[in-house]
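# Fold and contact review
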Amino acid sequence: DRGATWAQETLPSGASGSVGAFGASTGKTAIVPSLATGGTVFVRDAAAGTWSTKLVNNVNAQLNAAAMNANGGIVAGQSGASGATVAFTVAAGDMWTDLPPTNLPSGTPPLSGACVGANGATNSYWAVGGSFIIYGAGNSPSTFTLQMNVPGATLTGCVASDANHVWVYGSGGLVYATSDGGITW
């Protein structure tokens, strides 16, 4: 009904703090509570009206960002004292695959934002943090590459309308945009 009706939701037991990020797909919503540790993602099935707790393999992760569409989703955050973590789903949030740190660009800082854009049935994923914009291609990316490093920037989030049009934003009103999937920003 395009926002004409709103209903309050209650997160499942064990979810504390405020919602850190969420992403919606057809019938499913993934939520990452702020300050959640242990790689916890809560997934709501709209048809069933139920919430379930899903764990990303990296139990040392603090997830800060989530994004989903009909093809899949991504969560990103911090692993350990200063490392990054990325996990994705192609199963509507029911199962998450954590990428090993060696499959992320060297020196990737903790990640604070993530987005997903689709070109038909194929996804493209972006995650941002510190001065890095990293990218993973395909529905099940095995690696992420560094698309751009913005020295001195603090990048905090991103939004994608499709696989070509992405906006990255950060502190101080900083905004970068691409219309070619990140080849140029």
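Residues numbered from 1 in each chain as written. Predicted model: local features only at pLDDT ≥ 70, side-chain atom pairs only at ≥ 80, totals over all residues. Heavy atoms only, no water.

## Observations regarding the packing of aromatic side chains
Within the structure shown, the criterion is met by one aromatic pair. With a centroid separation of 5.3 Å and 45° between ring planes, the pair formed by Trp126 and Tyr135 is classed as tilted. The pair Trp126 / Tyr135 is uniform in exposure class, with both members buried. (Phe/Tyr/Trp six-rings, centres within 6.5 Å; stacked < 30°, edge-to-face > 60°. Buried < 20%, exposed > 50% of the residue type's maximum accessible area, 1.4 Å probe, protein only.)

## Description of the nonpolar core
By size, the foremost hydrophobic cluster in this structure holds 17 residues, and its most contacted members are Ile74, Val86, Leu104, Leu111, Ile134 and Phe144. Every element with two or more residues in this core is listed here: strand S5 (61–69), strand S6 (72–79), strand S7 (83–89), strand S9 (113–119), strand S10 (122–129) and strand S11 (132–137). Ranked by the residues each element gives to this core, the list is headed by S7, at three residues. For Ile134, the contacting residues outside a window of four places in its chain are Val86, Leu104, Pro105, Thr108, Leu111, Tyr125, Trp126, Ala127, Phe144, Thr145, Leu146 and Gln147. By size, the runner-up hydrophobic cluster in this structure holds 13 residues, among which are Val128, Cys158, Ala160 and Val166. (Core = buried A, V, L, I, M, F, W, Y, C linked by side-chain atoms within 4.5 Å. Helix = DSSP H or I, 4+ residues; strand = E, 2+ residues; numbered from the N terminus. Contact = heavy atoms within 4.5 Å.)

## Considering the side chain of Thr89
By secondary structure assignment, the location of Thr89 is in strand S7. Among residues more than four places away in sequence, those in contact with Thr89 are Asn71, Gly72, Gly73, Asp94, Met95, Trp96 and Tyr125.

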